[in-house]
Amino acid sequence: MKTIKSITELKFTYLFLPVLFLFSGCDRDDFQKLEERNWQLVWSDEFEGTAGSLPDSGKWAFDLGTGEDGWGNQELQRYTNNPENVSLDGNGNLVITAMRDGNSFTSARIKTQGHFSQQYGRFEARMKTPYGPGLWPAFWLLGDNIDTVGWPQCGEIDIMELRGQQPHIIHGSVHGPGYSGGNPVSSSYTLVNGRFDADYHVFAIEWNADKIDFFVDEFLYQRITPEDVPGEWVFNQPFFIILNVAVGGNYVGFPIDQTPFPQRMIIDYVRVYQEID
Amino acid sequence: MKTYKYIRISQLLAASIIFAFFLGCERDITDLEEASYPTNPEVFINGFSPGLNYAAFGGSVPTAFDVDNQVTYSDQSTASMRFEVPDAGDPRGSFAGGVFYTDGGRDLSGYNALTFWAKATQSTTIGEVGFGNDLGENRFVVSIQGLNVTTGWKKYIIPIPDPSRLKAERGLFWYAAGNIDGKGFTFWIDEVKYEKLGTIAHPQFAIQNGENQEETSFIGASTAVGGLTSKFNMPSGIYQPINIAPAYFEFTSSDTSIATVDETGKVNVTGGPGSAEITAKVGDTDANGSLTIQSLGEFDLPPVPIHDPENVISIFSDHYENVPVDYYNGYWEPWQTTQSADFVVNGDHILHYFDFNFVGIEFSSPTVDATEMTHMHIDIFLPNQLNANAQFQIELVNFAEPDNITGVNTTHISVDQSQQWISLDIPLDEFTGLTNKSNLAQIIFVDGGDNIPSFFANNIYFYKDDNGEPPPPEDEPETPAPTPTHPADKVLAIFSDAYQAVPANFFADWGQSTIVSIVQIDGVNTLKYENLNYQGIELESSQDISDMEYLHVDFWTANSSELNVFLISPGPVEQSYSLTVPTTGWSSIDIPLSMFEPVDMNDVFQLMFTGNGDIFIDNIYFHKN
């Protein structure tokens, strides 16, 4: 895929012409008027590299094993750093593969913790999700101070979560003290006649001191402000990025016999921007 | 589902108005390639869509289907389709089933699924629901088998495997439903239409059930690509198996000089030695699995059996009438690995067992009383190179109470006997332990040395031989042809010890493969044609036989299935006459010469015999009364 300039200036201009009004009824919303912003790319991984190689160790670290209590959610998978679970495909994508072996599952979870974190800005990834009951892919952020203050005090921003039994719905959420676990501040985005595993989609947040906006394919479907959370707003500090495919767990339920395996999350890129004046 | 009772429902709706209601959120399909057939996606919305007819399947209850104006899937729907599945024993028919079709076709290539809403009076299973049944070829028939429905309305989706195939489809919807545990039920279907859905994805197709399989074969053999499967991932993330017709698959052979494959998946082996891999696609999607044909090249059939049918009880042979056989491979679980891939070479059926460990043939209804029989015959062929001498074990099972009686015989096969036919004639008293053979019901083959990966079998039968040995082939008449009785002055002889014959060359070399000899049978010269294809007789000078009335020939053959005699005059002008073969003893025939028109009877200079097998001929002469 493309060559990357280390700093690219990207400009997103949300100019929807009034003609959009004519597509009434069937479109999700009539009109989105968003303030113009200038975004400057500060960090990205385009996942260029040889097929079968692990993701760039200068950018990503692994979470390995089964975590405590299935990573806090009774998830079934064991995370590995085996190329069969996580590797570049040679076509500019990172592939995280969840596999079944009888009643046990392996998968992968990678994070930028220790390598990169940022407060505010635009975080986006272009990807295709896995599918099937019990699959739980996610693109999310955790507060950099998790090791000192713990979860949920560190805060969590879920840019994209999906339940494999509903491959047409993604969810965007924030967790913090008093609104975590099964009780986040959350909203979902549904494809009317499509699936997130069938084609690539871009999932993004735009985050500043006042709000976190959630986007699918540049469509703003949720805005969360400090007034919307029933507890402390813990989103004024750097967060790091996580990509993973979980199997089973409280959020998604168990995989069933008919759940197809292996299942792949294919990530074209992850990009992080800062707003410039 | 071959015969249909024809019911025409003349219920036309102002479909254009309805369509306008739905147009709002439907994908605009008018931009698609211009089609010669209507692209109307609707089958049954609030009634029959334009051009739609209904025909009930033969044997079904003809009135099972009706339009229901009370029960519909939503407030907006004013009619649904109601189907009443009969109880067991209903005199009107044993099931509910029929086809909704159009006289002209529809272009459905812009859609990727048939959708409908359904519910039933109870949670139950509808036997089969689909489309592509056009009351004709059913080329592109698709169905879901065992559609589970509940008492609440639910939307169902049947994907189209390759929409580009459905440019003129007449079969828009069909169903077949039988009772459950003897009890009928009622179900409703509503809002039947074709859609372009983004919520179904990741189709998977397979041949050979998704496995890469190999088959050893020969020139002239044919086989078929099997294990055609299809599944689509549904909006729930779960795969739904779909039955699809072979015509959706596009088969390819990697080397058509070795094997060709037609659009139905039939494979013909055309060359070899060599290999050809058969693969398939559906639309743009590669099917999983493959069938690799390993052609060994030319294939010889085993020797034709020689035993008198009167003394044979045949289990598997094209040369005898076989007794009823339950199966030639019982797929006995759980230990049997043996698979079957039987094939046909030049019309001769061959059993082919592979992944061989053991396999059983059963003929239990009725069982075989082999008390009078002395031997078992079988021809086997081991197509793989043997890595060591093999033990081919045959077990005969005599059904009995309380325990079956099994006799075992083992044939040792040396390494150099592979890849050729081996004819076994095993005395039944060499099946150790077979104390009773009055109730034989199974033949079991066992790979005794565990080194025979596969084998072919043919001509499996029991026979009676009083000498304990196979009888010598009856390849020669025991007595000469009967001595002719026609007066010599009314005869013009070509070949006969009884008359003065005109000079002739009986060994004419016309490039034939026939081996000619003149043999003596009890001192009588007799013409012998071995392995006949054709054979001429050249008269030293041409003969005027216009005053003669008949051609007489005596002939004898045990193995020929075709024999013709020709008269030939210059030109050549020739005409044949077919003789009935094989014979029982000597056959004598007097053929009116009028049968040989338009041969010039003033000027006959050659005779010829054509056909096959081994023939003895005597007393070839013309005569008149």
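Fair warning: this is a prediction, and the values are worked out from it, not measured in the lab.

Quick notes on the rules
Residues numbered from 1 in each chain as written. Chains lettered and ligands numbered in written order. Predicted model: local features only at pLDDT ≥ 70, side-chain atom pairs only at ≥ 80, totals over all residues. Helix = DSSP H or I, 4+ residues; strand = E, 2+ residues; numbered from the N terminus. Buried ≥ 20, exposed ≤ 12 C-beta atoms within 10 Å, placed from the backbone. Contact = placed C-beta atoms within 7 Å. Pairing = 2+ DSSP bridges. Nonpolar A, V, L, I, M, F, W, Y, C, P; charged D, E, K, R; others polar.

Help me out: how do you make sense of the overall build of chain A in this one?
Within chain A one finds two helices and 18 strands. Residues counted as buried form 42% of the 277 residues belonging to chain A. Contacts in chain A between residues at least 24 apart in sequence constitute 72% of all its contacts with a sequence separation of at least 6.

I tried to follow the sheet that holds strand β40 (residues 534–543) of chain B on my own but got confused; where do I start?
Strand pairing within a sheet occurs via backbone hydrogen bonds; the two strands may be parallel or antiparallel. All names here are of chain B. With respect to topology, five strands assemble into an open sheet ordered β37-β40-β45-β42-β43, the strand pairing being antiparallel. At either end of the open sheet lies a strand with only one pairing partner, and these are β37 (504–505) and β43 (573–579). Direction of pairing for strand β42 (residues 563–569) relative to strand β45 (residues 604–611): antiparallel, over a ladder of six bridges. Within the sheet, the bridge partner assigned to F566 lies in β45 and is M608.

Can you walk me through the interface of chain B and chain A in this structure?
Taken together, the contact pairs twelve residues of chain B with 17 residues of chain A. Grouping the amino acids of the side of chain B that touches chain A by side-chain chemistry returns six nonpolar, six polar and no charged.

Mind showing me how you'd approach unusual backbone geometry here?
A cis amide bond links G272 of chain B with the next residue in sequence, P273 of chain B, at an omega value of 5 degrees. Relative to the helices and strands, P273 of chain B resides in the loop between β21 (266–269) and β22 (274–282). The omega angle of the peptide bond from V581 of chain B to P582 of chain B is -10 degrees, so this bond is cis rather than trans. Note on placement: P582 of chain B falls in the loop between β43 and β44 (587–592). The backbone of E218 of chain A sits at a positive phi, close to 70 degrees, despite the residue not being glycine. Mapped onto the secondary structure, E218 of chain A falls in the loop between β15 (211–216) and β16 (219–224). Of note, Y331 of chain B is a non-glycine position whose phi angle comes to about 45 degrees, a positive value.

Which parts of the structure should I look at to understand the pairing of strand β24 (residues 290–295) of chain B?
Each regular strand displays side chains that alternate between the two surfaces of the sheet. Residues and elements named next belong to chain B. Note that strand β14 (residues 212–217) and β24 share six bridges and pair parallel. The residue of β24 that forms the bridge with E214 is T292. The sheet contact formed by β22 and β24 spans five bridges and is antiparallel. Looking at β24, one finds that A276 is bridged to I293.

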